[in-house]
Amino acid sequence: MRLSLHLLVQFCLAASISAAALAQQGPSGDLHHASLRDWNQAGEANRFATVSDLVERILNLHDPIAVRPKARQVQVCINRVAADFQQGSQAVADTAVACMAELGMLSR
């Protein structure tokens, strides 16, 4: 995954925002602090619940109908990144933020 300097700055900002958001609310999925190796071993429902939580909090969306398609896009992206064995220790939340940036979901 190649990120420009601008997207890298957005990634760092969003990662700090996501950590604060996770501290404020309890997660539904349990992969928020997991690695991509853990992601690969988790069930589909847990993956979707986790990515939905992250999308909802990072993008500040409160409508499940708005969250669902974005969460599916981010989940596909995370699955793609997680398939790369070298990325196994990378954090799921960090990968989700990078995927949101790659997909153009983060405001500039």
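Since we're looking at a predicted model, the values are computed, not measured.

**Some remarks on the nonpolar core**
Most often, soluble globular proteins have nonpolar side chains that are buried together.
Reasoning step 1: Counting residues in hydrophobic clusters, the biggest one holds 28 residues, and the most contacted among them are Trp39, Val51, Val55, Leu59, Val74, Ile78 and Met100.
Reasoning step 2: Secondary-structure elements contributing two or more residues to this core are helix 2 (36-41), helix 3 (44-58), helix 4 (64-82) and helix 5 (92-102).
Reasoning step 3: Setting aside anything within four residues of it in sequence, one finds Leu59 in contact with Leu54, Lys70, Met100, Met105 and Leu106.

**Quick look at the packing of helix 3 against helix 5**
Reasoning step 1: Interaxial distance between helix 3 and helix 5 falls to 11 Å at its minimum, and their mutual angle equals 60°. The orientation of helix 3 with respect to helix 5, classified from their angle, is oblique. At the point where helix 3 passes helix 5, the crossing takes the right-handed sense. Note on element contacts: helix 5 touches helix 3 through Val92, Ala93, Ala96, Val97 and Met100, opposite Thr50, Leu54, Val55 and Ile58.
Reasoning step 2: Tallied by class, residues from the contact of helix 3 with helix 5 come to eight nonpolar, one polar and no charged.

Scoring rules and cut-offs
Per chain, residues are indexed from 1 in the order of the written sequence. Where totals are concerned, whole chains, interfaces and linings use all residues; where local detail is concerned, this predicted model gives features only for residues with pLDDT of at least 70, and gives and counts side-chain atom pairs only at 80 or more. The basis for every side-chain value is the complete set of non-hydrogen atoms in the structure, without hydrogens or water. For the purposes of this section, nonpolar cores are sets of buried Ala, Val, Leu, Ile, Met, Phe, Trp, Tyr and Cys residues that join through side-chain atoms within 4.5 Å. With a 1.4 Å probe rolled over the protein chains alone, any residue whose accessible area is under 20% of its type maximum counts as buried; one over 50% counts as exposed, and the rest are partly exposed. For helices the rule is a DSSP run of H or I covering at least 4 residues; for strands it is a run of E covering at least 2, with both sets numbered from the N terminus onward. A contact between two residues is defined here by any heavy atoms of the two lying within 4.5 Å. A fitted line through C-alpha atoms serves as each axis, taken over the contacting stretch for helices, and the angle formed by two N-to-C directions is quoted from 0 to 180°. Should an angle lie under 35 degrees it is considered roughly parallel, over 145 roughly antiparallel, and from 65 to 115 roughly perpendicular; all remaining angles are considered oblique. By convention the crossing between two helices is left-handed if the near helix lies anticlockwise of the far one by an angle smaller than a right angle, and right-handed if it lies clockwise. In the scheme used here, Gly and all other residues not listed as nonpolar or charged are polar, with Ala, Val, Leu, Ile, Met, Phe, Trp, Tyr, Cys and Pro taken as nonpolar and Asp, Glu, Lys and Arg as charged.

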